[in-house]
Amino acid sequence: MHAMNTAEILDLKKILSTPKKVVIVPHKNPDGDAMGSTLGLLHYLKKLGHSATVIAPNDYPEFLKWIPGTKEVLIYEEDTIASEALISEADLIFTLDFNALHRCGAMGTPIENSSAIKIMIDHHQQPDDYATYVYSDVSMCSTCEMVYHFIEMMGDLELIDVAIGEALYTGIMTDTASFRFPLTTSTTHRVIAHLIDVGVEKSDIHNAVYDTNSFGRLQLMGCALNNLRFLEDFKTSYISLTNKELDAHDFQKGDTEGLVNYGLSLKGAKFAVIFIEHQEESIIKISFRSKGTFDVNTFARTHFNGGGHKNASGGRSNLNLEDTIAKFISILSDYKSELNS
Ligand code: 5GP
Ligand code: MN
């Protein structure tokens, strides 16, 4: 873990004491924690008088597009020239909710080439070393909680208002699956309590994120559950979705988010996986989830070009869907005893 030391905190306070041009970046295919943390930080930095912009590598799901500041978000894929100008002119670049520049796709190159001071705030395993200042803590439930602690380190907790609060609440809620994953601590709940005290309407946020499903998404969920398989010998469940199935249910960005967790809710499942055909990139996108000690970060890194956290990770495969699943099942035999321990 790299908690920031006192010297680094003082450095950053000094840097932030005069107006700066700031770019704030979430990872590609931003989720609730990525958008919540970048927008929460955006509102805080603007309150300090900085000129700040959130630039997302690509578009993000509709169910996050109510978060305050959404309208100001630039999408690199859609506004590449404007985005690259801001990146090359920036004094500071904050990278949030990821720790390796390839996680923001093509946008990684202009960031790498920019002479801006880079600040990483992230809770994934094994950070790369591109950033000048690194606040990395794998014990944190979410980057949103880390942004709260960052504001705390800067001595500015009293600046937290409804806009910052709504953004941070969103990512803490989504990355903890509504405060139930193991990394949810009493401190997490104290942070949430503070956000509620400043006026965050928590029920409205749950409603906006979880109760705005399209008909197609619910039907796709049915299709995914229908495709669920359980490998009892390995305590492993998996789901697959083909392009055809996605198209048949009018797939929209974000529709498959969270589906993998249904596999893990099966009694006896310790390891759950979802394989999704990705038309644009002609790859299979894979999500891994586990309960207990089985380390899916290492599993994804070793076999599927990915990574993430111990109990939640992602990766990809260049094989077709059928061959990817066959490869996965053949690998599982090496983990049989671990999965049954
Ligand atoms: P998801 O399965 O929801 O896409 O991702 C689960 C977790 O693993 C997230 O925290 C995400 O940031 C991380 N993750 C997903 N895909 C990758 C990947 O390809 N590489 C790495 N390093 N992390 C990933
Ligand atoms: Mn996160």
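This structure is a prediction, so every number in the text was calculated from the model and none was measured. (Residues numbered from 1 in each chain as written. Chains lettered and ligands numbered in written order. Predicted model: local features only at pLDDT ≥ 70, side-chain atom pairs only at ≥ 80, totals over all residues. Heavy atoms only, no water.)

Comments concerning the overall build of the protein
Convention followed: Strands are runs of DSSP state E lasting at least 2 residues, helices are runs of H or I lasting at least 4, and numbering of each runs from the N terminus. Note on method: radius of gyration uses C-alpha positions; expected globular size equals 2.2 Å times residues raised to 0.38. Categorising residues by exposure relies on relative accessible area from a 1.4 Å probe, with only protein chains included: less than 20% of the type maximum marks a residue as buried, more than 50% marks it as exposed, and the intermediate range marks it as partly exposed. Contact definition: two residues touch when any of their heavy atoms are within 4.5 Å. Note on areas: these come from Shrake-Rupley sampling with a 1.4 Å probe, and a residue is covered only by the protein chains present in the view. Working convention for charge: Lys and Arg count positive, Asp and Glu count negative, and His plus the chain ends are omitted. One atom stands in for each charge, and that atom is NZ of Lys, CZ of Arg, CG of Asp or CD of Glu.
The secondary structure content of the protein amounts to 14 helices and twelve strands. The C-alpha radius of gyration computed for the protein amounts to 20 Å, which stays within 12% of the reference 20 Å derived for 341 residues, consistent with globular compactness. Overall size of the protein, expressed as C-alpha extent along the three principal axes, is 60 × 45 × 40 Å. Per-residue burial over the protein gives 52% buried out of 341 residues. Taking all contacts inside the protein whose residues are at least 6 apart in sequence as the whole, residues at least 24 apart take part in 65%. In the form shown here, the protein has an accessible surface area of approximately 15200 Å², with 50% of it arising from carbon and sulfur atoms. Computed over 29 positive and 45 negative side-chain charges, the inter-centroid distance for the protein is 4 Å.

With respect to the coordination of the manganese ion (ligand 2)
Put simply, the test is: Water is not part of the atom set, so a site may look incomplete; the donors themselves are N, O and S atoms within 2.8 Å of the metal, or 3.2 Å for Na, K and Ca.
Those protein atoms acting as donors to the manganese ion (ligand 2) are D33 (OD), D97 (OD), H123 (NE2) and D175 (OD), and they sit at 2.2 to 2.4 Å. Here the donor residues of the manganese ion (ligand 2) are spaced in sequence according to D-x63-D-x25-H-x51-D. Note that D97 is positioned in the loop between β4 (92-96) and α4 (108-113) and H123 in the loop between β5 (117-122) and β6 (133-136), a separation of 26 residues in sequence. As far as burial versus exposure is concerned, D97 and H123 are alike and both buried.

Observations regarding the sheet that holds strand β3 (residues 74-75)
Our working rule: Pairing between strands is defined by DSSP: at least two bridges between them are needed.
Reading across the sheet, the six strands line up as β3-β2-β1-β4-β5-β6 and stay open at both edges, with parallel pairing between neighbours. Each edge of the open sheet is held by one strand with a lone partner, namely β3 and β6. As paired strands, β5 and β6 are joined by four bridges and run parallel to one another. Along β6, the bridge assignment pairs I119 with Y133.

Concerning the layout of surface pockets
As a reminder, the rule being used: Both site types are read off a 1 Å grid over the protein atoms alone. A 1.4 Å probe that fits but cannot get out defines a cavity, while an open set with protein on both sides within 12 Å along at least five of seven lines defines a pocket; lining residues have an atom within 4 Å of a point. Grid points are joined across faces, edges and corners, and a volume is the space filled by probe spheres set on the points. Each residue gets one label: Ala, Val, Leu, Ile, Met, Phe, Trp, Tyr, Cys and Pro are nonpolar, Asp, Glu, Lys and Arg are charged, and the others, such as Gly, are polar. Boundary definitions for the domains trace back to an automatic or database domain assignment.
A volume near 170 Å³ is recorded for the second largest pocket. Lining the second largest pocket, in full, are E62, F63, V209, Y210, T212, N213, S214, R217, Q252, K253 and D255. Looking at the lining of the second largest pocket residue by residue, the classes come out as three nonpolar, four polar and four charged. In this structure, the lining of the second largest pocket is formed jointly by two domains, domain 1 (6-210) and domain 2 (215-340), each of which donates at least three residues.

Some points on the site of ligand 1
Our working rule: Here a residue counts as near a molecule or strand whenever at least one of its heavy atoms sits within 4 Å of it. Any pair of nitrogen or oxygen atoms within 3.5 Å is treated as a polar contact; in protein, a donor-acceptor pairing is required on top of that, and neighbouring residues in sequence qualify only through side-chain atoms on both sides.
The environment of ligand 1 is formed by 13 residues, the closest being R103, H124, S287, R289 and R316. A distance of 2.6 Å separates an oxygen atom of ligand 1 from a polar side-chain atom of R103. Surface burial for ligand 1 is 84%, taken as the share of its 490 Å² of free accessible area covered by protein chains. Looking at the shell around ligand 1, the elements that each hand over two or more residues are β10 (283-290), β11 (307-308) and β12 (312-317). Ranked by the residues each element gives to the shell around ligand 1, the list is headed by β12, at four residues. Residue classes in the shell around ligand 1 are distributed as one nonpolar, eight polar and four charged.

Quick notes on the domain arrangement of the protein
What counts here: By definition, the buried area sums, over both parts, the 1.4 Å-probe accessible area that each loses when the two are put together. Put simply, a salt bridge is a Lys or Arg side-chain nitrogen that is within 4 Å of an Asp or Glu carboxyl oxygen.
Domains assigned within the protein are domain 1 (6-210) and domain 2 (215-340). A C-alpha centroid distance of 27 Å is found between domain 1 and domain 2. Residue-level contacts link 14 residues of domain 1 with ten residues of domain 2. Regarding the contact of domain 1 and domain 2, the summed buried area is about 1000 Å², with carbon and sulfur atoms giving 46% of it. In terms of surface lost to domain 2, no three residues of domain 1 exceed F63, Q125 and Q126, which account for 36% of the buried area on that side. Joining domain 1 to domain 2, the criterion identifies zero salt bridges. Inspection of the region where domain 1 meets domain 2 yields seven residue pairs in polar contact (both at pLDDT 80 or more). For the side of domain 1 that touches domain 2, the per-class residue count stands at four nonpolar, seven polar and three charged.

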